Amino acid sequence: MHFAITCTDKPGHLDLRLATRPRHLEYLDTQVDHIVVAGPLLDVEGKPTGSLLVVEFPDETAAQAFADADPYTQAGLFESVTIKPFRVVYPKA
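I will try to describe carefully the structure that is included in this document. (Residues numbered from 1 in each chain as written. Predicted model: local features only at pLDDT ≥ 70, side-chain atom pairs only at ≥ 80, totals over all residues. Heavy atoms only, no water.)

1. Describing the nonpolar core
Right, on to step 1. The biggest cluster of nonpolar side chains holds 15 residues, and the ones touching the most others in it are I5, L53, V55, F66 and I83.
Right, on to step 2. Counting residues per element, the ones that place at least two in this core are β1 (2-9), α1 (14-30), β3 (48-56), α2 (60-69) and β4 (78-86).
Right, on to step 3. Here L53 is in contact with F3, A4, I5, L28, V37, A38 and F66, once residues within four sequence places are set aside. (Core = buried A, V, L, I, M, F, W, Y, C linked by side-chain atoms within 4.5 Å. Buried < 20%, exposed > 50% of the residue type's maximum accessible area, 1.4 Å probe, protein only. Helix = DSSP H or I, 4+ residues; strand = E, 2+ residues; numbered from the N terminus. Contact = heavy atoms within 4.5 Å.)

Right, dumping it as structure tokens:
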């Protein structure tokens, strides 16, 4: 099952995001089989303000565990994290 994970950074925490980014990317590399698409959400200046990931896991509990283990989450970067079921329409599988 697919899930969309939307994360919003706490305001004024760009330095924490940048400092944690190498560990975050290392973590994602270990989870690549579950990731459909992932990347930062940007402000009008192109600076990251959050993250959007579409992942595939058997259930929401597993998707939540994935989100909880992310170094960004563990560092306290996010103001909010939402996880919702997602249906892939395009590209067609």
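2. Some details on α2
Right, on to step 1. When α2 is considered as a whole, its buried residues turn out to be A63, F66 and A67. For α2, the angular spread of the buried residues around the axis is 95 degrees, confining them to a single face.
Right, on to step 2. Elements that come into contact with the buried residues of α2 comprise β1, α1, β2 (35-42), β3, α3 (71-74) and β4.
Right, on to step 3. For α2, the capping residue at the N-terminal end is D59, with a side-chain oxygen 3.2 Å from the backbone nitrogen of T61. (Arc of directions from axis to C-beta. Polar contact = N/O pair within 3.5 Å; in protein donor to acceptor, adjacent residues only side chain to side chain.)

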